[in-house]
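# A structural walkthrough
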Amino acid sequence: MEKYNHGEIEKKWQKKWAETNIYRATESQEKPKYYVLDMFPYPSGAGLHVGHPKGYIATDVFARMKMMQGFNVLHPMGWDAFGLPAENYAIKNKIHPRIAVEQNIAAFKSQLEKFGFTYDWDREINTSEPRFYRWTQWIFLQLFKQGLAYQSKEPINWCPSCKTGLANEDLEGGKCERCGSEIERKPMRQWVLKITDYADRLLADLQELPDWEESIKEMQKNWIGKSEGATIKFPISDSKNPNDQKYLEVFTTRLDTIYGCTYCVVAPEHPLLLELGERMQKPGRGRKIC
Ligand SMILES: [Zn+2]
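Residues numbered from 1 in each chain as written. Predicted model: local features only at pLDDT ≥ 70, side-chain atom pairs only at ≥ 80, totals over all residues. Heavy atoms only, no water.

Attention shifts here to the nonpolar core. Of all hydrophobic cores here, the largest spans twelve residues; its members are L48, Y56, M77, W79, A81, A86, V101, I105, F108, L112, F117 and Y119. With sequence-adjacent residues up to four places away left out, M77 is seen in contact with D38, F40, P41, Y56, L112, Y119, W121, R123, E124 and I125. F234, V266, L272 and L276 belong to the second largest nonpolar core, which has eight residues in total. (Core = buried A, V, L, I, M, F, W, Y, C linked by side-chain atoms within 4.5 Å. Buried < 20%, exposed > 50% of the residue type's maximum accessible area, 1.4 Å probe, protein only. Contact = heavy atoms within 4.5 Å.)

Take a look at the structure:
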């Protein structure tokens, strides 16, 4: 058997696929539709890392199989290009973020093309382009009008080195997944979306996904994080003025064990702590909270 000359063969066929637009999805109704969506890469580095193709190859095999089974497959690709990691890359490399993102996208794209993936590049999107983010802004405004987007001072996971907030999923053993720095819990005024209003629906609709792995559904449930219980108000014992009675509000899922409560612990960022701390600093005054 002749040796497989991958350099020559890949180049020849990829050129042919590009010329004939073989992976372009049309709105044809003749075949059943199938939508294969990858997580878009974040072009905040000079090139792909090995984790990118690891996922993309698997999805591509699946998209190809569906094409061969006669489906009209839409398999797009795009760039999750907005945000602090792109800015940090720009700062570090002393380059304007728009130029850095453009350069990184060009590098990512040429690398992805070498794999010969089944992407319909006509559908390419870039989240840092105004024609894309005008729609995310529009969605935000609709949420805001409905009272579903509001500002709140919440403690967040803050990476002092990346100067960015991190989701719990971005932590590895309490450290920043990206740079390994120790994370600080920092109260910060931020916009939040009231997903809790939809907790019941999100949970109920998981039942409508029979093909999903149980472990994935469990992760979704934990992420939705709904727990049923009661809010209890503990009066603070030294509130002198009955009209100014202060309470410490506590949520519990185990109201039946409340009689075993001997003390309450207040988080370091709790606003009540500042107030109580001031009063406690006056000499000769120890305070019992509960
Ligand atoms: Zn970091």
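For the coordinates displayed, the defined rule picks out 13 aromatic pairs. Aromatic pair F115 and F117: ring centres 5.0 Å apart, planes at 10°, arrangement stacked. Overall, the relative accessible area of 36% leaves F115 in the partly exposed class. Chaining the aromatic ring pairs together yields one cluster made of Y56, W79, F108, F115, F117, Y119 and W121. The side chain of R134 reaches across the aromatic face of W135, ending 4.7 Å from its centre. The residue whose ring lies beneath K233 is Y247, and the NZ or CZ to ring-centre distance is 5.3 Å. (Phe/Tyr/Trp six-rings, centres within 6.5 Å; stacked < 30°, edge-to-face > 60°. Lys NZ or Arg CZ within 6 Å of the ring centre and 35° of its normal.)

Moving on to a nonpolar patch on the surface. Taken together, the side chains of L193, I195, Y198, L202 and W223 make up a nonpolar region of the molecular surface, amounting to roughly 460 Å² of accessible area. With respect to the element layout, L202 can be found in helix α6 (residues 199–205). (Patch = residues over 30% accessible without salt bridge, like charges linked within 9 Å, V, L, I, M, F, W, Y side chains within 5 Å. Areas by Shrake-Rupley, 256 points an atom, 1.4 Å probe, with all protein chains shown as cover. Salt bridge = Lys/Arg side-chain N within 4 Å of Asp/Glu carboxyl O. Helix = DSSP H or I, 4+ residues; strand = E, 2+ residues; numbered from the N terminus.)

So, about unusual backbone geometry. Despite not being glycine, K94 has its phi angle at roughly 50°, a positive value. Here K94 lies in the loop between α3 (84–92) and α4 (97–114). Although it is not a glycine, K163 adopts a positive phi angle of roughly 50°. With respect to the secondary-structure elements, K163 resides in the loop between β5 (149–159) and β6 (164–166). The class for K163 is exposed, based on a relative accessible area of 54%.

This part takes up the coordination of the zinc ion. Around the zinc ion, the protein contributes the donor atoms C159 (SG), C162 (SG), C176 (SG) and C179 (SG), at 2.3 Å from the metal centre. Here the zinc ion binds four donor atoms, and the angle range of 102 to 117° at the metal identifies the geometry as tetrahedral. When the donors of the zinc ion are listed by position in the chain, the intervening gaps give C-x2-C-x13-C-x2-C. Placement of the pair is C159 in strand β5 and C176 in strand β8 (residues 175–176), with a sequence separation of 17 residues. (Donors = N, O, S within 2.8 Å, 3.2 Å for Na, K, Ca; no water. Tetrahedral: all angles 85-135°; square planar, octahedral: opposite > 155°, others 65-115°.)

In this section: the environment of I9. Considering the arrangement of structural elements, one finds I9 in helix α1 (residues 6–20). When the C-alpha atoms of I9 and Q151 are compared, they prove to be 56 Å apart, with 142 residues separating the residues in sequence.

Moving on to α1. Across its 15 residues, α1 extends 21 Å between first and last C-alpha, which sits within 8% of the 21 Å expected from 1.5 Å per residue. Of the residues flanking the end of α1, it is N21, one or two places downstream, whose phi is positive at about 55°. (Expected span 1.5 Å × (residues − 1).)

Spatially, three strands are ordered β6-β5-β9 in an open sheet, and the strand pairing comes out antiparallel. Pairing within the sheet leaves two strands with one partner each, and these edge strands are β6 and β9 (184–193). Within this sheet the neighbouring strands show an average axis-to-axis angle of 60°, counted without direction. Relative to β6, β5 is paired through three bridges, and the arrangement is antiparallel. The residue bridging N157 from the neighbouring strand is L166, located in β6. (Pairing = 2+ DSSP bridges. Axes fitted to C-alpha atoms, helices over the stretch in contact; angles between N-to-C directions.)

Attention now moves to the confidence of the model for the chain. Looking at the chain, the pLDDT average stands at 87 and 94% of residues meet or exceed 70. For the chain, the element scoring lowest by mean pLDDT is helix α8 (residues 271–280), at 76; helix α5 (residues 130–145) scores highest, at 96. The model gives residues 285–290 a pLDDT under 50, and that stretch makes 17 contacts with residues more than four places away or in other chains. (pLDDT = per-residue confidence, 0-100.)

Attention now goes to the side chain of T252. Along the chain, T252 falls in strand β11 (residues 247–252). Accessibility expressed as a relative area gives 15% for T252, which makes it buried. Polar side-chain contacts of T252 include one of 2.9 Å to the backbone nitrogen of R254. When sequence neighbours within four positions are dropped, the list of residues in contact with T252 reads G229, A230 and I232. (Polar contact = N/O pair within 3.5 Å; in protein donor to acceptor, adjacent residues only side chain to side chain.)

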